[in-house]
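So you can see what is in the structure, the chains are spelled out below.
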Amino acid sequence: ILANLPDTFPWKSRIHHFDVIDSTNTRAKKMAAEGAPHGTVLIADQQTGGRGRLGRSFHSPAGRGIYLSVILRPQCHASELMHLTCATGAAMCDAVESACGIRPGIKWTNDLVFQKRKLGGILTELSLDASGNVAYAIIGIGINCNQSAGDFPLDIADIASSLHLCTSQTIDRATVIAAILIALQHMWDTLEDVESTLLRYRQNCITIGQEISLVRGDEIRHGQALDVDESGALVVRFDDGQVQPVQSGEVSIRGMYGYV
Ligand code: BTN
C-alpha cells in the first residue's frame, strides 16, 4: 500500500494494518476517543464483526475484500456535514474507476453497485459533543474484491458481486486501497464545496429516476425517486402524490436486489 502512495501523501505515516480485527470502524472509534489524529487509517485483512448500515453485518472474509476506516476531525457542527457520506460515495466511484477501469454507481444512500449487484458499502459514524459539534468522523469502507460467485453466503449470494467478478481480473487490493486513500484525501480537501459535491453525487446515484420502495419497520411505501437534496436526503414522489425527503430507511430499487 505504501509503495502505491506518493511520499507527499499526508496520511502516509498514520496507516495501521491488522491481520484480524472485529471491525475497523469500532477500533477507529476507540482510537479516535483516545486522541488518534485526523487522517489515521485502519486497514484489516479480515473482520470478524464487520458492520453495515441499519445494524446489518458486512461479510469480511480473510484476504478477499477491502476493510478500511479513516478518522477525520472536521471542526464544524454536524449540520454542516450532511454531505459527508455523499462526498465519500462519489470519491469511491472515482477510486474504483481509476484502479480497476470500471465505474460503479451509488444506490442511495451508499451502496456501491455495478450491473445491479452490490460491490460494497460505506458506513459513516460521527461523534458529537453536547452542542452537536463534531469531535470526529469515522468513514468505513468495505469493498468485495476477489470473491468468486460461490464465496458469498447464501443470504447475499443473489445480490453481491466483487471487483474480480466484474472485471474478470485478479484484483490487487493494495492498488485499490491506495486509490481509495487518495480519493478520500481529495474528498477531504474539497469538502467545503457542498454544491459540487452534491452534483457529483447526483451524477453517480443510480437511484434517481427509479421506481423505489421504502421500508420502515412494518410500513412499505412505493414511489419514484426524484432527486437528492442538499442534506443528502432522497426526494421521493410517493404513489399517493406526496413529495417528501427521505433521510433514512431501506430503499429498494425496482428490478434490483430482489425487488420486482
Ligand atoms: C453497508 O453496506 O451498509 C456498509 C458497509 C461498510 C463496511 C465497512 S468494512 C470497514 C468498516 N468497518 C466496519 O465494520 N464496517 C465498515
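Before reading further, recall that the structure is shown in the block above.
Model, not experiment: these values are computed from the prediction.

Rules and cut-offs
- Residues numbered from 1 in each chain as written.
- Predicted model: local features only at pLDDT ≥ 70, side-chain atom pairs only at ≥ 80, totals over all residues.
- Heavy atoms only, no water.
- Helix = DSSP H or I, 4+ residues; strand = E, 2+ residues; numbered from the N terminus.
- Buried < 20%, exposed > 50% of the residue type's maximum accessible area, 1.4 Å probe, protein only.
- Contact = heavy atoms within 4.5 Å.
- Areas by Shrake-Rupley, 256 points an atom, 1.4 Å probe, with all protein chains shown as cover.
- Lys, Arg positive; Asp, Glu negative; His and termini not counted.
- Charge placed at Lys NZ, Arg CZ, Asp CG, Glu CD.
- Pairing = 2+ DSSP bridges.
- Axes fitted to C-alpha atoms, helices over the stretch in contact; angles between N-to-C directions.
- Near = heavy atom within 4 Å.
- Polar contact = N/O pair within 3.5 Å; in protein donor to acceptor, adjacent residues only side chain to side chain.
- Phe/Tyr/Trp six-rings, centres within 6.5 Å; stacked < 30°, edge-to-face > 60°.
- Parallel < 35°, antiparallel > 145°, perpendicular 65-115°, else oblique.
- Left-handed = near helix turned anticlockwise from the far one by under 90°.
- Nonpolar A, V, L, I, M, F, W, Y, C, P; charged D, E, K, R; others polar.
- Core = buried A, V, L, I, M, F, W, Y, C linked by side-chain atoms within 4.5 Å.

Details of the overall build of the protein chain
In step 1: Within the protein chain, the regular secondary structure consists of five helices and 12 strands.
In step 2: On the principal axes, the C-alpha backbone points of the protein chain span a range of 55 × 50 × 30 Å.
In step 3: Counting across all 260 residues of the protein chain, residues that qualify as buried make up 50%.
In step 4: The contacts of the protein chain with a sequence gap of at least 6 include a subset with a gap of at least 24, amounting to 64%.
In step 5: Accessible surface for the protein chain amounts to roughly 12,000 Å². Of this, 48% is attributable to carbon and sulfur atoms.
In step 6: Measuring between centres, the 22 positive side-chain charges of the protein chain sit 3 Å from its 28 negative side-chain charges.

Brief notes about the sheet that holds strand 6 (residues 117-128)
As a general point, the strands of a sheet are linked pairwise by backbone hydrogen bonds and lie either parallel or antiparallel.
In step 1: Strand order in this open sheet of seven strands is 1-2-3-7-6-5-4, and the pairing throughout is mixed. The open sheet terminates on both sides in strands that have one partner only, identified here as strand 1 (15-21) and strand 4 (105-107). Across the sheet, the mean angle separating the axes of adjacent strands is 25 degrees when strand polarity is ignored.

A short note on the site of the ligand
In step 1: Neighbouring the ligand are 19 residues; Ser23, Gln47, Arg51, Arg53 and Lys118 lie closest to it.
In step 2: Gln47 places a polar side-chain atom, nitrogen or oxygen, 3.0 Å from a nitrogen atom of the ligand.
In step 3: Within the side chain of Lys118, a nitrogen or oxygen atom sits 2.6 Å from an oxygen atom of the ligand.
In step 4: The fraction of the free accessible surface of the ligand (410 Å²) that becomes covered by protein chains is 97%.

Some details on the packing of aromatic side chains
In step 1: As enumerated under the stated definition, the model contains two aromatic pairs in all.
In step 2: Between Phe9 and Trp11, the ring centres sit 5.7 Å apart and the planes meet at 75 degrees, which makes this aromatic pair edge-to-face. The same class applies to Phe9 as to Trp11, namely buried.
In step 3: Relative to Tyr67, the ring of Phe58 lies with its centre 6.5 Å away and its plane at 70 degrees, an arrangement referred to as edge-to-face.
In step 4: Given the relative accessible area of 15%, Phe58 is considered buried.
In step 5: The class for Tyr67 is buried, based on a relative accessible area of 1%.

Quick word on the packing of helix 2 (residues 84-100) against helix 4 (residues 173-189)
In step 1: Two elements in contact, helix 2 and helix 4, have axes separated by 8 Å at closest approach and are oriented at 140 degrees. Between helix 2 and helix 4, the crossing angle belongs to the class labelled oblique. The way helix 2 lies across helix 4 gives a crossing that is right-handed. When helix 2 is examined against helix 4, the residues Leu84, Ala87, Thr88, Ala91, Met92, Ala95, Ser98, Ala99 and Cys100 are found in contact with a partner set consisting of Thr175, Val176, Ala179, Ile180, Ala183, Leu184 and Met187.
In step 2: Tallied by class, residues from the contact of helix 2 with helix 4 come to 13 nonpolar, three polar and no charged.

What to know about the nonpolar core
In step 1: Core analysis: the biggest nonpolar cluster contains 62 residues, and Leu68, Ile141, Ile143, Leu163, Ile180, Leu184 and Met187 have the highest contact counts within it.
In step 2: What Leu184 contacts, discounting residues up to four positions off in sequence, is Trp11, Leu68, Val70, Thr88, Met92, Ile139 and Ile141.
In step 3: The next biggest cluster of nonpolar side chains, apart from the first, holds 11 residues, and it includes Phe18, Ala32, Ala36 and Leu42.

Thoughts on the sheet that holds strand 12 (residues 250-253)
In step 1: With respect to topology, five strands assemble into an open sheet ordered 11-10-9-8-12, the strand pairing being antiparallel. Strand pairing shows two members of the sheet lacking a second neighbour, strand 11 (243-246) and strand 12, which therefore form its edges. Strand after strand, the sheet turns through a mean of 45 degrees between neighbouring axes, direction not considered.
In step 2: Sheet analysis places strand 10 (residues 234-238) next to strand 11, joined by four bridges and oriented antiparallel. Bridging across to strand 11, Val235 finds its partner in Pro245.

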